[in-house]
2 protein chains.
Amino acid sequence: MDHEPLHRRIAGDIERRIASGEWQPGFRIPTEAELMAEYGCARMTVSRAITDLASRALVVRRRRAGTVVAHPPVHSSALVSIPDIQSEVEGRGLTYSHRLMGRIVRPALAEEEMGGRVIELETLHLADDVPFVFERRLIALDVAPDAETADFAAQPPGGWLLANMPWTEAEHRISAVGADRETAAGLGLADGAPCLRLERRTWRDGQGVTQASQIFPGGAYDLVARFSPTKG
Amino acid sequence: MDHEPLHRRIAGDIERRIASGEWQPGFRIPTEAELMAEYGCARMTVSRAITDLASRALVVRRRRAGTVVAHPPVHSSALVSIPDIQSEVEGRGLTYSHRLMGRIVRPALAEEEMGGRVIELETLHLADDVPFVFERRLIALDVAPDAETADFAAQPPGGWLLANMPWTEAEHRISAVGADRETAAGLGLADGAPCLRLERRTWRDGQGVTQASQIFPGGAYDLVARFSPTKG
DNA sequence: GAGTGGTCTAGACCACAAT
DNA sequence: TTGTGGTCTAGACCACTCC
């Protein structure tokens, strides 16, 4: 039953000793030559295992000095799953629908950094006809001129952009806000009810494509991050 | 000036064609044999380049079917910086302090999955003496018996755990809540004010070590995620 | 100078999946 | 069946950096 590649076994062995605390941060792990001898394999195989660990920042390699166990990150980071609303709703076995609540075309403000003209859209996303997310979105018409004639009542802006304007960079901000009047009305909440706000900006080759602010009722949604150093 | 390794150059060339849109999602990129010929190098060099792209989920490799450009992350994920409070405060040039507001030792509830006994701590974190975060935390005494005698008035529980109980797995949940009475009092907010709640659970070798619920005033904090597929 | 990792070669055999 | 990636070998030379 030994189908595990040798380089994974080597990486796993080292990882386990780090996770168990046997090899503390700063500890110098065996050299590649020593590991070759220990496992009876070629140097590339050892090197591949250590390259994998280094790419996950578990170890730091330095010529001449050898490879040492990395110090744990002060600001630890974690992989957070940022949901695509439609997939999320359908993944829960519910029916997705949406309503376009507002649409205007206007000059972009300088601080928006979206070029000359933008289209501003307000969309309500529903799960089984229950309001779920209220979204305000800007799309830069300089970058995505087709957005001006796209039918966002038929296809939600997020889906349209995914199909027509793949991004190369994105930034997400997550914060808590009280629902403003319009949002509260759309989502059927009391004014000021706690909501999770997910702001997303994307760029394509350095040019701003879109900015979206998505508001979830606080009780309705969780963002989950799971991080395991042993699994990358 | 050409000190760039060949495998990076190959990976970079492919990456650029993906980022530019020249190679769309689903496009089958040249086989390893074709890339060997194109770059006049050994197969391992090509393979290393593609392995790197695959590890960043830019492409998907399948035997026989070849390597294709990955579909954009529908459930895109992003590296979110999960703050260590003390570092965060000090990083802003402010003075960090904390107050232990509550401490009890009690049997764990079954649904807490924390073994037999836990210590429950309430800590207020301050920046320049202004309340910043209210934290409720459980620590499993089966796993971390020393926590029962540790002086959490001197060292905040997060720092103590970092030094004494490195974790191997962690899960974060982010949600929005209205401040309850105790939290509102601690943070100097109105009852029900929108707050960002960061819940963190960690495990060590499969055993629950700690659970923390950290409440930030909604206006005081943002979690920022920046993601660039071209930079990993 | 010498020890360490960084890269690369020119093969080889195997595993898997599409046909 | 066969084309593709997955892994591995046994070397080689180079680059960096600590001594």
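Residues numbered from 1 in each chain as written. Chains lettered and ligands numbered in written order. Predicted model: local features only at pLDDT ≥ 70, side-chain atom pairs only at ≥ 80, totals over all residues. Heavy atoms only, no water.

- Looking at an unreviewed UniProt entry, one finds chain A named Histidine utilization repressor, with Brevundimonas terrae as its source organism.

### Some remarks on the protein's contact with DNA strand D
- Near DNA strand D there are 24 residues, and of these Leu6(A), Thr45(A), Arg48(A), Arg43(B) and Arg64(B) occur at the shortest range.
- Here DNA strand D approaches the protein such that, of its atoms within 4 Å, sugar and phosphate make up 60%.
- In this structure, a phosphate oxygen belonging to DNA strand D sits 2.4 Å away from a main-chain N or O atom of Leu6(A).
- In this structure, a phosphate oxygen belonging to DNA strand D sits 3.3 Å away from a main-chain N or O atom of His7(A).
- Elements with a minimum of two residues in the surface near DNA strand D: α1 (6-19) and α3 (43-55) of chain A together with α3 (43-55), β1 (59-62) and β2 (66-69) of chain B.
- Tallied by class, the residues present in the surface near DNA strand D amount to 6 nonpolar, 7 polar and 11 charged. (Near = heavy atom within 4 Å. Polar contact = N/O pair within 3.5 Å; in protein donor to acceptor, adjacent residues only side chain to side chain. Helix = DSSP H or I, 4+ residues; strand = E, 2+ residues; numbered from the N terminus. Nonpolar A, V, L, I, M, F, W, Y, C, P; charged D, E, K, R; others polar.)

### As for the side chain of Glu112(B)
- Looking at the secondary structure, you find Glu112(B) in the loop between β4 (96-107) and β5 (117-127).
- Residues contacting Glu112(B), with those up to four places away along its chain left out, are Arg106(B), Val118(B), Leu138(B), Arg201(B) and Gln211(B). (Contact = heavy atoms within 4.5 Å.)

### Focus on the domain arrangement of chain A
- Along its sequence, chain A is carved into domain 1 (6-69) and domain 2 (85-217).
- Computed from C-alpha atoms alone, the centre-to-centre distance between domain 1 of chain A and domain 2 of chain A is 45 Å. (Domains from an automatic or database assignment.)

### Describing the packing of helix α2 (residues 32-39) of chain A against α3(A)
Residues and elements named next belong to chain A.
- Where α2 contacts α3, the axes come no closer than 9 Å and their chain directions differ by 115°. Between α2 and α3, the interaxial angle falls into the category roughly perpendicular. Pair α2 / α3 crosses with right-handed handedness. Facing Glu 32, Leu 35 and Met 36 of α2, the residues of α3 in contact are Arg 43, Val 46, Ser 47 and Ile 50.
- For the contact of α2 with α3, the per-class residue count stands at 4 nonpolar, 1 polar and 2 charged. (Axes fitted to C-alpha atoms, helices over the stretch in contact; angles between N-to-C directions. Parallel < 35°, antiparallel > 145°, perpendicular 65-115°, else oblique. Left-handed = near helix turned anticlockwise from the far one by under 90°.)

### Topic: the environment of Glu88(A)
All names here are of chain A.
- Along the chain, Glu 88 turns up in helix α4 (residues 85-91).
- What makes Glu 88 buried here is its relative accessible area of 17%.
- Along the primary structure Glu 88 and His 172 are separated by 84 residues, whereas in three dimensions their C-alpha atoms are 17 Å apart. (Buried < 20%, exposed > 50% of the residue type's maximum accessible area, 1.4 Å probe, protein only.)

### Let's talk about the protein's contact with DNA strand C
- The full set close to DNA strand C counts 24 residues, and Arg43(A), Leu6(B), Ala42(B), Thr45(B) and Arg48(B) are the nearest of them.
- Close to the protein, within 4 Å, the atoms of DNA strand C are drawn from sugar and phosphate at a rate of 61%.
- At a separation of 2.8 Å, a phosphate oxygen of DNA strand C approaches a polar side-chain atom of Arg61(A).
- Between DNA strand C and the protein, one listed contact pairs a phosphate oxygen with a backbone N or O atom of His7(B) at 3.4 Å.
- Of all the secondary-structure elements, those providing two or more residues to the surface near DNA strand C are α3, β1 (59-62) and β2 (66-69) of chain A together with α1 (6-19) and α3 of chain B.
- Here the surface near DNA strand C takes 4 residues from α3(B), the largest share from any one element.
- By residue class, the composition of the surface near DNA strand C is 6 nonpolar, 7 polar and 11 charged.

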